[in-house]
Amino acid sequence: MKLYEFGVSRSTWVHWVLREAGLEYETVSIDLIKGEQRSPEFLAINPYGKLPVLDDAGTVITESAAICTYIAEKFPEANLIPVPATAARAHYHQWICFCIAEMEP
């Protein structure tokens, strides 16, 4: 797995989840201050020019909440996400949405 990231940003959430899952991964720092997210090379990876981006053997996922959910679902043995179709899973989605929509801004 390869994580395209930038220091203290939403990338921090993804680092946290990858570590909680016990996964090895490579990081590629994209300097937002220098505008590297607008380079043709990075835009080929994520046309929106946003970070973080996870590349899992060619499967490219953007948006921190989607990446974290993907990792949690792909590695259920890490117990990072409740079982599907349960109240606990619904609350997981509720809090993910709340964090993005309410807390982050």
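Above: the structure in question.
Keep in mind it's a predicted model, so treat the numbers as computed, not measured.

Caption draft 1: The arrangement of the overall build of the chain in detail. Assigned secondary structure in the chain consists of 4 helices and 4 strands. Mapped in sequence order, the helices and strands of the chain form the string β-α-β-α-β-β-α-α. A principal-axis box enclosing the C-alpha atoms of the chain has dimensions of 45 × 30 × 20 Å. Here the chain holds 105 residues, and 32% of them are scored as buried. Counting contacts in the chain only where the partners sit at least 6 residues apart, residues at least 24 apart contribute 48% of the total. Here the chain displays about 6,700 Å² of accessible surface, and carbon together with sulfur accounts for 59% of that area. Averaged over its 8 positive side-chain charges, the chain has a centre that lies 4 Å from the centre of its 14 negative ones.

Caption draft 2: Main features of the packing of aromatic side chains. For the structure on display, the rule yields 2 aromatic pairs. Measuring from centroid to centroid gives 5.3 Å for tryptophan 95 and phenylalanine 98, while their planes differ by 80 degrees, and the two rings are edge-to-face. Of this pair, tryptophan 95 and phenylalanine 98 both sit in helix H4 (residues 87-103), 3 residues apart, roughly one helical turn. Tryptophan 95 gets classed as partly exposed once you look at its relative accessible area, which sits at 49%.

Caption draft 3: Spatial organisation of the pairing of strand S4 (residues 59-62). Note: strand S3 (residues 53-56) against S4, 4 bridges, orientation antiparallel. Residue pairing in the sheet places aspartate 56 in a bridge with threonine 59 of S4. Hairpin connection, S3 to S4: the antiparallel pair is bridged by 2 residues, and alanine 57 has positive phi, about 55 degrees.

What counts and how
- Residues numbered from 1 in each chain as written.
- Predicted model: local features only at pLDDT ≥ 70, side-chain atom pairs only at ≥ 80, totals over all residues.
- Heavy atoms only, no water.
- Helix = DSSP H or I, 4+ residues; strand = E, 2+ residues; numbered from the N terminus.
- Buried < 20%, exposed > 50% of the residue type's maximum accessible area, 1.4 Å probe, protein only.
- Contact = heavy atoms within 4.5 Å.
- Areas by Shrake-Rupley, 256 points an atom, 1.4 Å probe, with all protein chains shown as cover.
- Lys, Arg positive; Asp, Glu negative; His and termini not counted.
- Charge placed at Lys NZ, Arg CZ, Asp CG, Glu CD.
- Phe/Tyr/Trp six-rings, centres within 6.5 Å; stacked < 30°, edge-to-face > 60°.
- Pairing = 2+ DSSP bridges.

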